[in-house]
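Geometric and topological summary
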Amino acid sequence: MSSLAAFAAGRRRQAVLAVVGVTLLCLVLAIVATGQGAVQIAPARVAEILMAKLSGQGELLTGRDALVVLNIRLPRVLLAMLIGAALAISGALMQGLFRNPLADPGLVGVSAGAGLAAATTIVLGDRLLAGTGFKLPFAALPVGAFCGGLISTLALYLIATRQGRTSVATMLLAGVALGALAGSLTGLLAFISDDRQLRDLTFWSLGSLGGASWAKLVIVAPIVLPLLLAVPLLARGLNALMLGEAEAYHLGLPVQRIKGLTILLVALAVGASVATAGVIGFVGIVVPHLIRLAIGPDHRLLLPLSALGGATLLVGADIAARLIVAPAELPIGIVTAAVGAPFFLWLLLRRANHVDL
């Protein structure tokens, strides 16, 4: 009994250290990212401007530095944090739902489905509105991407589930097939698009935070923030699902309701992220797995820490995207893929060697 108590105490200490460490790292990277760019602003100056904004000291909010920080850099950093948190939580939810640490919205075709819907909105939406004098509203992209992510997730779940049992192998193979199909249809849309639409499609396929603004943040935040608040309510159900669907059902949990809500939240998060910043891969597999290795599989801690870790990773990736080819800007999807692909190969090698993930 004492050994169990010591183990639990050790886990709690690890969790506390993880929360404090990831939070501090996220704050430091956010300040650095807010000062990084064509106009370099020292971290101390960034902190001074932000503190002045919070305290209402208007005399310190004039000048070039304050304008750059508050109107250009801050919405970009906040958007990166929201999208990173949404993608990481989506990965943690899918891994919990399918009871497989290799599940990820990007790997199983959900991101590709959302990207296809966004591409369809861009190309066909413009053509349908051509000559009417109306422009496609920005809100149409999150709605379209959300519907695409939802349809992809539902299709994946229906294909992989038979008689109440979900086949992991079928899930992964179906995800590859759905991703390939969505990619081919997106290529067809790129073929029939004009120059402006083609530039927009390139943005979605590579991922970028370059178009961040307060207007986009205001649209995305009401979608993602309720998701972050609702996700912890699923922690108990996902913990029970780790034992198996039959066991969770006998414990009195509404298994089908948990599955449906999880699918809805993943589609909502991925749809909003793809619509705002394009397809950004591997965040949903790297972050939850690192958190799981650090504190264990308890979703009560895994989900909120995944949100913090996802925000931290994407802010760090955005810094790298702006530094690697400065003064130009590398698409952030390239950075996350460069980090995530080797990590995914490492996971596959561990799995092949029968090491407990």
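Residues numbered from 1 in each chain as written. Predicted model: local features only at pLDDT ≥ 70, side-chain atom pairs only at ≥ 80, totals over all residues. Heavy atoms only, no water.

**As for the overall build of the protein chain**
Scanning the protein chain from N- to C-terminus turns up 14 helices and two strands. Roughly 16800 Å² of accessible area belongs to the protein chain as shown, and the carbon and sulfur atoms make up 71% of that amount. (Helix = DSSP H or I, 4+ residues; strand = E, 2+ residues; numbered from the N terminus. Areas by Shrake-Rupley, 256 points an atom, 1.4 Å probe, with all protein chains shown as cover.)

**Re the UniProt feature "transmembrane region" (unreviewed entry) in the protein chain**
Sequence positions flagged by UniProt for "transmembrane region" (unreviewed entry) are, in local numbering, residues 77–94, 106–124, 136–159, 171–193, 213–235, 263–291, 303–325 and 332–349. Between the C-alpha atoms that bound residues 77–94 the distance is 26 Å, and the span itself is 100% helix and 0% strand. Segment residues 303–325 splits into 96% helix and 0% strand. End C-alpha atoms: 34 Å apart. (UniProt positions renumbered as here; feature names shortened; annotations may be inferred.)

**Here's the deal with empty space enclosed by the protein**
A full pass over the atoms with the stated rule returns one cavity of 30 Å³ or more. A volume near 40 Å³ is recorded for the largest cavity. Looking at the largest cavity, the residues that line it are L87, D104, P105, G106, S111, I280, G281, F282, V283 and G284. Residue classes in the lining of the largest cavity are distributed as five nonpolar, four polar and one charged. (1 Å grid on protein atoms, 1.4 Å probe; cavity = no way out; pocket = protein on both sides within 12 Å on 5 of 7 lines; lining within 4 Å. Points joined across faces, edges and corners; volume = space filled by probe spheres on them. Nonpolar A, V, L, I, M, F, W, Y, C, P; charged D, E, K, R; others polar.)

**Re the pattern of salt bridges**
Overall, the coordinates contain seven salt bridges when judged by the stated rule. Residues R300 and D298 are paired through a salt bridge, measuring 2.7 Å at the closest nitrogen-oxygen approach. (Salt bridge = Lys/Arg side-chain N within 4 Å of Asp/Glu carboxyl O.)

**Focus: the nonpolar core**
Formed by 82 residues in total, the largest nonpolar core has its most connected members in I83, L93, M94, F98 and I280. Top element by residues in this core is helix α3 (residues 64–98). It accounts for 15 residues. Ignoring sequence-local partners within four residues, the contact set of L93 consists of V231, L234, L238, T262, L265, V266 and L303. Ranked by size, the runner-up nonpolar core spans eight residues in total, among them I41, I49, L70 and L74. (Core = buried A, V, L, I, M, F, W, Y, C linked by side-chain atoms within 4.5 Å. Buried < 20%, exposed > 50% of the residue type's maximum accessible area, 1.4 Å probe, protein only. Contact = heavy atoms within 4.5 Å.)

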